[in-house]
Amino acid sequence: MAVVPQVRPARTVARPRGRFRSRTTDETDEGEPVHGVIGEARARLVETGRSGRYLLGTLMTATMTLVAAPLLGVPSLAAPWAERHRRRAGALLGRPVQPRPRAPRRDLAWLVTQVATGLPAGTFALLCLGNLLLTLVVTVGWWAFPASDPPRLLLLGVPIDNWASALTINLAQLLLLAVLADIALPPLARVHARCCLAVLAPSPAVQLAARVTELTRTRADVLQAHGAELRRIERDLHDGTQARLVAIAMRLAVAGESLPQDPDAAAALVGQARAETEEAMTELRSVIRTIYPPVLADQGLVGALSTLATRAGVPTRIDIGELGEVPAAVEAVAYFAVTEALANIARHSRATEAAVHVTRNGAMLSAAITDDGTGGADASRGSGLDGIGRRAAALDGIMKISSPPGGPTTITVELPCV
């Protein structure tokens, strides 16, 4: 099993090999960045298209909100309708939308805001994109209109009755509308999405209550995990190390009694006691390693993860950026998270390779563990992933899992270094 741990500078971009190798839109097959007008134009076209779809959908839903206002005034119906638009707005802005408690007043306020802002914004998008499409149709199909009533451009008001005007004036309006859509639609869609999220955001009092509830839950989880860890350590010491020490003491006592009569038998008992002592030390080291791995104290997180990769059950590549000063508690949780994730990969995923990518962005340490296995990982099944989530939550961190059926699986643990 060939394993190549790699430690790279923070600016280096990880490029996993295998089935989970992803390729961004600004890379060629050779991994070379693509620069130039074509790539930028394609990106702007995609953004404008997404914004146009969002605004047209907003126009439709704002109209439905206005028509169904008497029904949507019922809080039980307004809440799912508002939540749907929260998710739409979050998807446009690329923000994760967390579940929120019921807020009937904010839901009803959003209905008014949706009609007041969604109708004009959506109408503008409809006029802009509709005329863009109409101009394109007139450019290629002007000849199908009656000669006595040729089509006229909306903005310029010039009749189109020959190919010369179709290929010059029409294209000028087409370009003008395209530039207008590119300049106006993306910021307009983002403003509406931010407005939607702001109106539907929980109030400060609700956020504080939710935060207190979350801290209470994580505190209970930490206390429960701490108690379970103490019981495990006590059990390991009692059943393992303590039993061996008792056996050593008994052998030495028997050796002391038999020494005057049978020195050879006493020497054999002392030899057995010495072997038992070495085994007891080995067990004691394994117990200590589960409390705080000595490799972390000796080599730090970078060295510990590199050593861990050489012992993983599948070929694993380690890619570590510049981490700076990391608190010991964060190092321990990150190390245990990677250890548990790699153990799960070896036991359950049927993966042929794995990759660990550790970076730091400001005060946030992120560890992403990816494999090319069968997918379907779920922390709710009571596996080791649930333990990773509890450890991360104890430090006010989060764990995210992306594991569609068929793979690949990516487990991301984010920990604040404060």
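It should be noted that the structure appears before, not after, this text.
Rules used throughout
- In this convention, every chain numbers its residues from 1, walking through the sequence in written order.
- Per-residue local features are limited, in this predicted model, to residues with pLDDT of at least 70; the limit for side-chain atom pairs, both in listing and counting, is 80 or more; totals at the level of whole chains, interfaces and linings are taken over all residues.
- In computing side-chain values, all of the structure's heavy atoms are included and hydrogens and water are not.
- Each helix is a run of DSSP H or I of at least 4 residues and each strand a run of E of at least 2, with the numbering of both proceeding from the N terminus.
- The buried label applies to any residue whose accessible area, calculated with a 1.4 Å probe on protein chains only, is under 20% of its type's maximum; exposed applies above 50%, and partly exposed to all values in between.
- Using the Shrake-Rupley algorithm and a 1.4 Å probe, accessible areas are obtained, with residue cover drawn only from the displayed protein chains.
- Between the N-to-C directions of two axes lies an angle of 0 to 180 degrees, each axis being a line fitted to C-alpha atoms and, for a helix, fitted only over the stretch in contact.
- Note that the term roughly parallel is reserved for angles under 35 degrees, roughly antiparallel for angles over 145, roughly perpendicular for angles of 65 to 115, and oblique for everything else.
- By the definition used in this description, the sense in which the near helix is turned from the far one sets the handedness, with an anticlockwise turn below a right angle giving left-handed and a clockwise turn giving right-handed.
- Any pair of residues with heavy atoms lying within 4.5 Å of one another is described as a contacting pair.
- Three classes are used, and their members are as follows: Ala, Val, Leu, Ile, Met, Phe, Trp, Tyr, Cys and Pro are nonpolar, Asp, Glu, Lys and Arg are charged, and the others, Gly among them, are polar.
- DSSP-based pairing: two strands are paired if at least 2 bridges between them are found.
- Along the arc lie the directions from the helix axis toward the C-beta atoms.
- For this document, the term salt bridge refers to a Lys or Arg side-chain nitrogen within 4 Å of an Asp or Glu carboxyl oxygen.

Q: For the overall build of the protein, give the residues involved together with the corresponding values.
A: Scanning the protein from terminus to terminus reveals 10 helices and six strands. For the protein, the residues scored as buried account for 36% of the 418 residues in total. Summed over all atoms, the accessible surface of the protein reaches about 24000 Å², with 63% contributed by carbon and sulfur.

Q: Give a detailed account of the packing of helix α9 (residues 328-349) against helix α10 (residues 384-394), specifying residues and quantitative values.
A: It is at 9 Å that the axes of α9 and α10 come closest, and there the two elements cross at 170°. Judged by the angle between their axes, α9 and α10 are roughly antiparallel. Here α9 and α10 pass one another in a crossing that is left-handed. Contacts from Val 333, Phe 336, Ala 337, Glu 340, Ala 341 and Asn 344 in α9 reach Gly 384, Leu 385, Ile 388, Arg 391 and Ala 392 in α10. Of the residues assigned to the contact of α9 with α10, the class counts are seven nonpolar, two polar and two charged.

Q: Give a description of the environment of Ala 69 that names residues and reports values.
A: Structurally, the position occupied by Ala 69 is in helix α2 (residues 69-72). By relative accessible area, which is 38% here, Ala 69 ends up partly exposed. As for Ala 69 and Val 112, which are separated by 43 residues in sequence, their C-alpha atoms are 9.3 Å apart.

Q: So what about the packing of helix α1 (residues 37-67) against helix α3 (residues 75-93)? Which residues, and what values?
A: One way to put it is that α1 packs onto α3 with a least axis distance of 11 Å and a crossing angle of 165°. With respect to α3, the axis of α1 lies roughly antiparallel. Like other packed secondary-structure pairs, α1 and α3 cross with a definite hand, here left-handed. Residues Arg 50, Arg 53, Tyr 54, Gly 57, Thr 58, Thr 61, Met 64 and Thr 65 of α1 touch α3, and the partners they reach there are Trp 81, Arg 84, His 85, Arg 88, Ala 89, Ala 91 and Leu 92. Its residues placed into classes, the contact of α1 with α3 shows six nonpolar, five polar and four charged.

Q: Could you give an account of the pairing of strand β6 (residues 409-416), with specific residues and numbers?
A: Within β6, seven of the eight residues are buried, leaving the element largely enclosed by the surrounding structure. Across eight bridges, the pairing between strand β4 (residues 364-371) and β6 is antiparallel. Note on β6: the bridge partner recorded for Ala 367 is Val 413. Summarising the sheet, strand β5 (residues 398-402) and β6 pair through five bridges and their orientation is antiparallel. Of the residues in β6, the one forming a bridge with Ser 402 is Thr 410. As consecutive antiparallel partners, β5 and β6 are separated by six residues, and within that stretch Gly 406 has a phi angle of approximately 95°, a positive value.

Q: Lay out α10 with the relevant residues and their values.
A: All buried positions along α10 are accounted for by Leu 385, Ile 388, Gly 389, Ala 392 and Ala 393. Buried residues of α10, viewed axially, fall in a sector of 130°; they line one side. Positioned one or two residues after α10, Asp 396 has a phi angle of 65°, which is positive.

Q: Tell me about the pattern of salt bridges, and name the residues and values.
A: Applying the stated criterion to the full structure yields five salt bridges. The salt bridge involving Arg 190 is made with Glu 47; its shortest N-O contact spans 2.7 Å. Pair noted here: Arg 190 is in helix α5 (residues 163-200) and Glu 47 is in helix α1, with a separation of 143 residues, a long-range link. Take Glu 47: its relative accessible area is 32%, and that puts it in the partly exposed class. Across the pair Glu 83 and Arg 86 runs a salt bridge whose closest N-O atoms are separated by 2.8 Å. A residue pair is termed a helical-turn pair when its members lie 3 or 4 positions apart in one helix, as Glu 83 and Arg 86 do in helix α3 at three residues. Residue Glu 83 shares its accessibility class with Arg 86, and that shared class is buried.

Honestly, it's all geometry; don't read function into it.
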